Amino acid sequence: MRAGYPVDPAFQDPKNRLICQRGSGILRAMEPSEALRLFTIPFEPARDLVRGLLARFLHIEVNGLEFIPPAGGALLVANHTDLIDVPIQGAFSPRKVTFLGKAELFEPGLPVKEFLLQKNSPLSLPFLLPLRQLATQVIDFYSLLQKTQLEEWGGHPIMRSYKGEGARDAVRYYQELEDHVVDLLKKGELISIFPEGTRTRTGIMGSFKSLAARMAIRAGVPIIPSGFKGSFQFLS
């Protein structure tokens, strides 16, 4: 390091030594996720691109955007018919939408990594262990990059049907999740939730879970009802 610049104490933590930047006379260590954001696609260009592609190749009609408040927290609820629901909602909303997505989307390499770490995996032979280590590091980097990208676009990972080691763990997790979403709403974010909890398999809208209404009441924000029609089984 160049002499004369004080070092941020955070740099002493090895997990933070991914990249350093100099500003205001100090060498500041950047968190790995913060550094990875330098390589992600910003939200606005991605949204405009997706909106243009959807409008170009699909016939999409969007109505009622005037009911989305220009600022402040709000809960956007909708039926969930297909995988394309999220891109449509995110691309055509006048504001950035925060989505709660299943954790598996944020760790795409986990199944492959678990397979490679098995005792009977193809890379379990002693002379192939360095290759296995390299492969798992690449997988970890890819997963972290995707997680960072999804978060940049408004994604928040959640574990569906979480059970933990017992009922207390499950209750604690969902309470903490609810508290986290309520906090985001109070901070002014527009959050999208599919109250059915999953996509419909029949095309018929299922019953809504009470969590969405409870969070809106706790946060003191409006619920904006919306719906999708004609997209059932378009991608899924």
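Before any of the text, the structure's been laid out above.
Conventions adopted
Residues numbered from 1 in each chain as written. Predicted model: local features only at pLDDT ≥ 70, side-chain atom pairs only at ≥ 80, totals over all residues. Heavy atoms only, no water. Helix = DSSP H or I, 4+ residues; strand = E, 2+ residues; numbered from the N terminus. Polar contact = N/O pair within 3.5 Å; in protein donor to acceptor, adjacent residues only side chain to side chain. Contact = heavy atoms within 4.5 Å. Axes fitted to C-alpha atoms, helices over the stretch in contact; angles between N-to-C directions. Parallel < 35°, antiparallel > 145°, perpendicular 65-115°, else oblique. Left-handed = near helix turned anticlockwise from the far one by under 90°. Nonpolar A, V, L, I, M, F, W, Y, C, P; charged D, E, K, R; others polar. Buried < 20%, exposed > 50% of the residue type's maximum accessible area, 1.4 Å probe, protein only.

## Side note on the side chain of Arg95
If you trace the backbone, Arg95 turns up in the loop between α3 (85-92) and β4 (97-102). Of note is the side chain of Arg95, whose polar atom sits 2.9 Å from the backbone oxygen of Gly72. A polar contact is formed between the side chain of Arg95 and the backbone oxygen of Gly188, at a distance of 2.9 Å. Among residues more than four places away in sequence, those in contact with Arg95 are Ile68, Pro69, Pro70, Ala71, Gly72, Gly188, Glu189 and Leu190.

## So, the packing of helix α6 (residues 167-186) against helix α7 (residues 211-219)
A pair of packed helices is captured by two measures, namely the crossing angle of their axes and the spacing between those axes. The N-to-C vectors of α6 and α7 enclose an angle of 50°; their axes lie 9 Å apart at closest approach. By the criterion of interaxial angle, the relationship of α6 to α7 is oblique. Regarding α6 and α7, the two cross each other, and that crossing is right-handed. Facing α6, whose interface residues are Gln175, Glu178, Asp179, Val181, Val182, Leu185 and Lys186, α7 presents Leu211, Arg214, Met215, Arg218 and Ala219. Among the residues making up the contact of α6 with α7, the classes are represented as six nonpolar, one polar and five charged.

## Some thoughts on the environment of Leu100
Residue placement: Leu100 occurs in strand β4. For Leu100, a relative accessible area of 24% corresponds to the partly exposed category. Taking C-alpha positions, Leu100 is 4.9 Å from His156, a pair spaced 56 residues apart along the chain. Setting aside chain neighbours within four positions, we find Leu100 in contact with His156, Ile158, Val181, Ser192 and Ile193.

## Considering the environment of Leu117
The residue Leu117 is located in the loop between α4 (110-116) and α5 (129-152) in this model. A C-alpha to C-alpha distance of 7.9 Å links Leu117 and Arg132, two positions 15 residues apart in sequence. Apart from the residues lying within four places of it in its own chain, the contact partners of Leu117 are Arg132 and Thr136.

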